[in-house]
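Residue strings, one per chain:
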Amino acid sequence: MTAKTIEKEKLTELAKAIIAGGFRLYGPVRTGGEVALTEVTEEPEFDFDYRNFKTSPKEFFLPQSEVLCRFCRGELVEDAASAPEKKVLLGLRPCDARALWLMDKVFLEEPEDVYYKENRDKTLVVSAACSSPEATCFCTSVGGSPAGAEGSDILLFDLGETFLLEPVSEPGEEFLNQFSKITKDATKKQISEKEKIAEEAASRMEKLPLDDAAERFAKAFDSDIWKAPSQRCLGCGICTYFCPTCHCFDVTDETLRENGRRVRTWDSCMYSLFTLHASGHNPRPTQNERVRQRFMHKFSYSVENCGELFCVGCGRCIKHCPVNIDLREVIVP
Ligand code: SF4
Ligand code: SF4
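Residues numbered from 1 in each chain as written. Chains lettered and ligands numbered in written order. Predicted model: local features only at pLDDT ≥ 70, side-chain atom pairs only at ≥ 80, totals over all residues. Heavy atoms only, no water.

As for the overall build of the chain
Stated formally: A run of DSSP states H or I qualifies as a helix once it reaches four residues; a run of E qualifies as a strand once it reaches two. Both are numbered from the N-terminal end. Computation of the radius of gyration draws on C-alpha atoms, with the globule rule given as 2.2 Å multiplied by the number of residues to the power 0.38. Residues count as neighbours in contact if any of their non-hydrogen atoms are within 4.5 Å of one another.
In terms of helices and strands, the chain carries 11 helices and 12 strands. Against the 2.2 N^0.38 benchmark of 20 Å for 333 residues, the chain shows a C-alpha radius of gyration of 21 Å, consistent with a compact globule. Each principal axis of the C-alpha distribution contributes one length, and for the chain these read about 65 × 55 × 40 Å. The long-range share in the chain, meaning contacts at least 24 apart out of those at least 6 apart in sequence, stands at 72%.

Structural data, given as structure tokens:
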């Protein structure tokens, strides 16, 4: 697949061409001191000076709250909310794109989740390779890299005056070919420059000893490693809501007279109500079992079920935990 380059001053032109092509375009826009993935319509003012977005982009694929169907007197009247429009997400970090690749293993395997699939099929992911990881980042310890391609369609590298755009999927290549009047083929020098950026970023990250994490966690169910974090944990669920790979949800039917709708909403294994049975019994009665579940799911059960650790090392749970629980203190022996 041929890598292309675009001069930075032509990015607005590219954005306009993408929007004119019928896509909704979301990119990095600074609002109130924070760069967030924001929909742009006319003259976008992108800001690529950010480490990562505060919230993960999983919301675009598994919305926090989504109507699955509507019914009337018990009969289905609408199978799903309206079909999603074509979108381009520009500027995800490769860890978050890898999280999508992991979520695909849950939602696109049989039985396929049609709602997630529709969103995934209609969204083109352009990830921006990291050149300056944060102190809380550890993607290279959990199978990723600052320029990893999993989950992306195109990888973008900042080369100073220009951006290099490397297609890493067939839809990515087809998409990029539509804009050949604005882009140029990348030179060998530019390609070696982008490789250097990725290597340097990876070398700046501490490599945690996690190669045997799955084997260790498979034996950790009855261990006392859960004690310290669970004594501090407030059960607020912030770590799971910020996490790009956490995907627990609840489904509820809401009715008003004869009409109703079925809604899927994010839930969290850190809440006591998550496992509360109608009988009043709770198989995870204390925060100890809930904290254990979160770690076991990411570092043991997901390996058994999907063959991968379900952590991409984005560090959001570390940054946002109100009582400073650092999952590295639990997962590193
Ligand atoms: S963010 Fe921290 S306090 Fe809140 S549920 Fe997660 S680990 Fe517990
Ligand atoms: S567990 Fe924490 S570091 Fe790992 S992907 Fe989730 S939020 Fe990121």
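Quick word on helix H1 (residues 11-20)
The test is simple: Buried residues are those whose accessible area, probed at 1.4 Å on protein chains only, stays under 20% of the maximum for their type, while exposed residues exceed 50% and partly exposed ones sit between those limits. Throughout, the arc means the angular range of directions from the helix axis out to the C-beta atoms.
Turning to H1, its buried residues number three or more, namely Leu11, Leu14, Ala15 and Ile18. The buried side chains of H1 occupy one side of the element, clustering within an arc of 100° when seen end-on.

Concerning the site of ligand 1
Put simply, the test is: The nearness test applies per residue and asks whether one of its heavy atoms lies within 4 Å of the molecule or strand. Residues are grouped as follows: Ala, Val, Leu, Ile, Met, Phe, Trp, Tyr, Cys and Pro are nonpolar; Asp, Glu, Lys and Arg are charged; all remaining types, including Gly, are polar.
Within the structure, ligand 1 sits among Cys233, Leu234, Gly235, Cys236, Gly237, Ile238, Cys239, Met270, Cys321, Pro322, Val323 and Ile325. A class-by-class count of the residues in the shell around ligand 1 yields 10 nonpolar, two polar and no charged.

Observations concerning the sheet that holds strand S4 (residues 65-72)
Stated formally: Each pair of strands is called paired provided DSSP finds at least two bridges between the two strands. Angles run from 0 to 180 degrees between N-to-C directions of axes, and those axes are lines fitted to C-alpha atoms, restricted for helices to the stretch in contact.
Pairing is antiparallel in the open sheet, where four strands are placed in the order S5-S4-S12-S11. Strands with a single pairing partner mark the edges of an open sheet, and in this sheet they are strand S5 (75-78) and strand S11 (249-256). Neighbouring strand axes in the sheet, compared pairwise and without regard to direction, differ in orientation by 30° on average. Bridge analysis of S4 against S5 gives three bridges, and the strand direction is antiparallel.

Topic: the pairing of strand S12 (residues 259-266)
Within a regular strand, side chains alternate between the sheet's two faces. As paired elements, S4 and S12 share seven bridges and run antiparallel to each other. Bridge pairing in S12 places Val67 opposite Val263. Pairing between S11 and S12: eight bridges, direction antiparallel. Within the sheet, the bridge partner assigned to Asp250 lies in S12 and is Thr265. Between S11 and the antiparallel strand that follows it, S12, lie two residues; Arg257 among them carries a positive phi value of about 50°.

Some thoughts on the pairing of strand S2 (residues 24-31)
By the bridge criterion, three bridges tie S2 to strand S6 (residues 87-92) in an arrangement that is parallel. Counted as the bridge partner of Leu25 is Val88 from S6. By the bridge criterion, seven bridges tie S2 to strand S3 (residues 34-40) in an arrangement that is antiparallel. Within S3, the residue paired with Gly27 across the bridge is Thr38. Where S2 folds back on S3, the antiparallel hairpin that results is connected by two residues, among which Gly32 adopts a positive phi of roughly 55°.

A word on the domain arrangement of the chain
Here is the rule: Residue ranges for the domains originate in an automatic or database domain assignment. Defined here as a combined quantity, buried area equals the accessible surface (1.4 Å probe) lost by two parts on assembly, summed across both. What counts as a salt bridge is simple: a side-chain nitrogen of Lys or Arg found within 4 Å of a carboxyl oxygen of Asp or Glu. Under this definition, polar contacts are N or O atom pairs within 3.5 Å; protein pairs additionally need one hydrogen-donor-capable and one acceptor-capable atom, and for neighbouring residues in sequence, both atoms have to be side-chain atoms.
The domain boundaries assigned to the chain delineate domain 1 (4-203) and domain 2 (213-331). In this assembly, 39 residues from domain 1 lie in contact with 38 residues from domain 2. Carbon and sulfur atoms make up 61% of the surface buried where domain 1 meets domain 2, a total of about 3400 Å² over both sides. Three residues stand out in domain 1 for area buried against domain 2, namely Lys58, Phe71 and Phe138, and they jointly supply 19% of the buried area on that side. The interface formed by domain 1 and domain 2 holds six salt bridges in total. The residue Glu258 makes a salt bridge to Arg73 at a minimum N-O spacing of 3.9 Å. The interface formed by domain 1 and domain 2 includes 20 residue pairs in polar contact (both at pLDDT 80 or more).

Concerning the sheet that holds strand S9 (residues 162-167)
Strands sit in the order S3-S2-S6-S7-S8-S9-S1-S10 across an open sheet of eight strands; the sheet is mixed. Every interior strand has two partners, whereas the edge strands, S3 and strand S10 (184-185), have only one.

Side note on the side chain of Arg294
Stated formally: Lys and Arg are tallied as positive, Asp and Glu as negative. Neither His nor the chain termini are counted.
Within the fold, Arg294 resides in helix H9 (residues 287-306). We note that Arg294 is buried and unpaired, the nearest opposite charge coming from Asp326 at a distance of 8.9 Å.

Re the environment of Ala220
Take Ala220: it is sitting in the loop between helix H6 (213-218) and helix H7 (227-232). Between the C-alpha atoms of Ala220 and Arg257, which are 37 residues apart in sequence, the distance is 49 Å.

Quick notes on the pattern of salt bridges
Evaluated as defined, the whole model comprises 22 salt bridges. The shortest N-O distance in the salt bridge between Arg216 and Asp212 comes to 3.1 Å. A residue is classified by how much of its surface remains accessible, and Asp212, at 32% relative accessible area, is partly exposed. Via salt bridges that share partners, Arg24, Glu39 and Glu85 belong to a single interconnected network.

With respect to unusual backbone geometry
A cis amide bond, omega -5°, links Glu110 with the succeeding residue Pro111. Mapped onto the secondary structure, Pro111 falls in the loop between helix H2 (94-107) and helix H3 (114-121). For Arg73, which is not glycine, the phi dihedral falls at a positive 50°. The topology assignment puts Arg73 in the loop between S4 and S5. Its relative accessible area of 66% is what places Arg73 among the exposed residues.

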